[in-house]
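# Architecture and fold: a report
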Amino acid sequence: MLQQEIDSLVPASAYSRRRFVRTSLGSGFAAAVLPVTAQTIKTDTGGVTTGEVTIPVGDFKLPAFRAHPEGRVNGLPVVLVISEIFGVHEHIADVTIRFAKLGYLAIAPELFVRQGDAQSYGEVAKLIAEVVSKASDAQVMGDLDATVAWAKAQGADTSKLGITGFCWGGRTTLMYAAHNPGVKAAVAWYGPVARSYHPGDRTALDVAGQIKGAVLGLYGGADAGIPNDTVEKMRDALKAAGNTRSEFVIYPDTPHAFHADYRPSYRKEQAEDGWKRATAWFKAHGVG
């Protein structure tokens, strides 16, 4: 990975392990992003059921954080929420709660659990080398297939399936949309399109022609790790393949991770605009 991309993921800063406190999936923040900022959003859980569940993937038990309207699962549309490289910490859990408030069964699987504890790493480069780069697309796609199957078994309506993700999760969003034709709509937040993380895996550009669902891409124009021209190539590749229902937004003078309200990269105006676009996108394209 280029150093500028590592730098774009999270600025260098000192952190205290005493502030890294996590008792269960979806609580606490990753060591690499500490300290969190005062602007961090905390969504109340009134009227929402939240918590950790386990999803069978063959003989393996995959942990996931899920949220849905209290007392309701049957018939709900489904949104998969895919984390950044830092795993399913408090911010990702909060995003699932936001979707639950809108009437979804939202599920954030911990896709790095086989490789290690992504939240315990204080150095981004080491985290990528020892954990993230070892999670292959084959494994991740299988885990997401199992997550969808689990949602269906709970009674949710997986014919109304959406996926969204951030950074690594944004790329995974695109890859899963290519893998699973049942994805009606996908919203990728600043996911790299021209490179992979695991050796030998393809890029989102490589599989653009396989994506049938409607894709919304939300990117920062000043993201040093994701050149604007690669985003434009992804947009053009989708259109060339006949996917005319896709749209890419590049916010001028905006950094990577502009939706991450717990980090200094957060840009309130762009984040709120992106969220409005994302939720409208799902509803407009059969997820909701």
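Each chain has its residues counted from 1, following the order in which its sequence is written. Local features in this predicted model are restricted to residues whose pLDDT is 70 or higher, and side-chain atom pairs enter the listing and the counts only when it is 80 or higher, whereas totals over whole chains, interfaces and linings include all residues. Note that water and hydrogens are dropped before the side-chain values are worked out from all heavy atoms of the structure.

This part takes up the pairing of strand 7 (residues 214-220). Working definition: with a 1.4 Å probe on protein chains only, accessible area under 20% of the residue-type maximum means buried, over 50% means exposed, and in between means partly exposed. Here a strand is any run of E in DSSP of at least two residues, a helix any run of H or I of at least four, and the numbering for each starts at the N terminus. A large share of strand 7 lies buried, amounting to seven of its seven residues. Of the two faces of strand 7, the one carrying Ala214, Leu216, Leu218 and Gly220 and the one carrying Val215, Gly217 and Tyr219 are both buried. Only when DSSP finds a minimum of two bridges between them are two strands counted as paired. Sheet topology places strand 6 (residues 183-189) next to strand 7; five bridges connect them, and they run parallel. Following the sheet pairing, Trp189 is matched in strand 7 by Leu218. Note: strand 7 against strand 8 (residues 247-251), five bridges, orientation parallel. Opposite Gly217, over in strand 8, you have Phe248 as the bridge partner.

Let's shift gears to the pattern of salt bridges. Here a salt bridge means any side-chain nitrogen of Lys or Arg lying within 4 Å of a carboxyl oxygen belonging to Asp or Glu. All chains considered together, the criterion is met by eleven salt bridges. Linking Glu90 and Lys42 is a salt bridge whose minimum nitrogen-to-oxygen distance equals 3.8 Å. Taken as a pair, Glu90 in helix 2 (residues 90-101) and Lys42 in the loop between helix 1 (3-9) and strand 1 (48-57) lie far apart in primary sequence, 48 residues in all. Looking at Glu90, the relative accessible area reads 23%, which means it is partly exposed. In this structure, Asp236 and Arg235 form a salt bridge, with 3.0 Å as the shortest nitrogen-oxygen distance. Owing to a relative accessible area of 39%, Asp236 belongs among the partly exposed residues under this scheme. Taken together, the shared-partner salt bridges connect Asp94, Arg98 and Asp261 into one network.

A few words on the packing of helix 2 against helix 8 (residues 268-284). Angular values range over 0 to 180 degrees, each being the angle between N-to-C directions of two axes fitted as lines to C-alpha atoms, with helices fitted over their stretch in contact. Two elements in contact, helix 2 and helix 8, have axes separated by 12 Å at closest approach and are oriented at 50°. Judged on the interaxial angle alone, helix 8 and helix 2 are oblique. With respect to the hand of their crossing, helix 2 and helix 8 are arranged in right-handed fashion. Within the contact between the two elements, helix 2 uses Val95, Arg98 and Phe99 and helix 8 uses Trp275, Thr279 and Phe282. When an angle is under 35 degrees it counts as roughly parallel; over 145 it counts as roughly antiparallel; between 65 and 115 it counts as roughly perpendicular; any other value is oblique. Here a crossing is taken to be left-handed if its near helix is turned anticlockwise relative to the far helix by less than a right angle, and right-handed if that turn runs clockwise. Note on contacts: a residue pair is in contact if any heavy atoms of the two residues lie within 4.5 Å.

Bringing helix 5 (residues 168-179) into the picture now. Each helix should span, by expectation, one fewer than its residue count multiplied by 1.5 Å. Look at helix 5: 16 Å from first C-alpha to last across twelve residues, which is about the 16 Å you get at 1.5 Å a residue. Most of helix 5 sits inside the fold, with eleven of its twelve residues counted as buried. Three or more residues of helix 5 are buried, namely Trp168, Gly169, Gly170, Arg171, Thr172, Thr173, Leu174, Met175, Tyr176, Ala177 and Ala178.

Locating Arg98 in the fold gives a position in helix 2. Polar contact is defined as a pair of N or O atoms within 3.5 Å, subject to the rule that within protein one atom must be able to donate a hydrogen and the other to accept it, and that residues adjacent in sequence are counted only when both atoms are side-chain atoms. A distance of 3.0 Å separates polar atoms of two side chains, one belonging to Arg98 and the other to Asp261. For Arg98, the contacting residues outside a window of four places in its chain are Ile41, Thr43, His91, His259, Asp261 and Trp275.

Before going further, it helps to examine the environment of Gly288. One can find Gly288 in the segment after helix 8. Owing to a relative accessible area of 55%, Gly288 belongs among the exposed residues under this scheme. Taking the C-alpha atoms as reference points, Gly288 and Gly182, 106 residues apart in sequence, are found 15 Å from one another. Not counting residues up to four positions away in its chain, the partners in contact with Gly288 are Pro77, Tyr104, Lys160 and Phe282.

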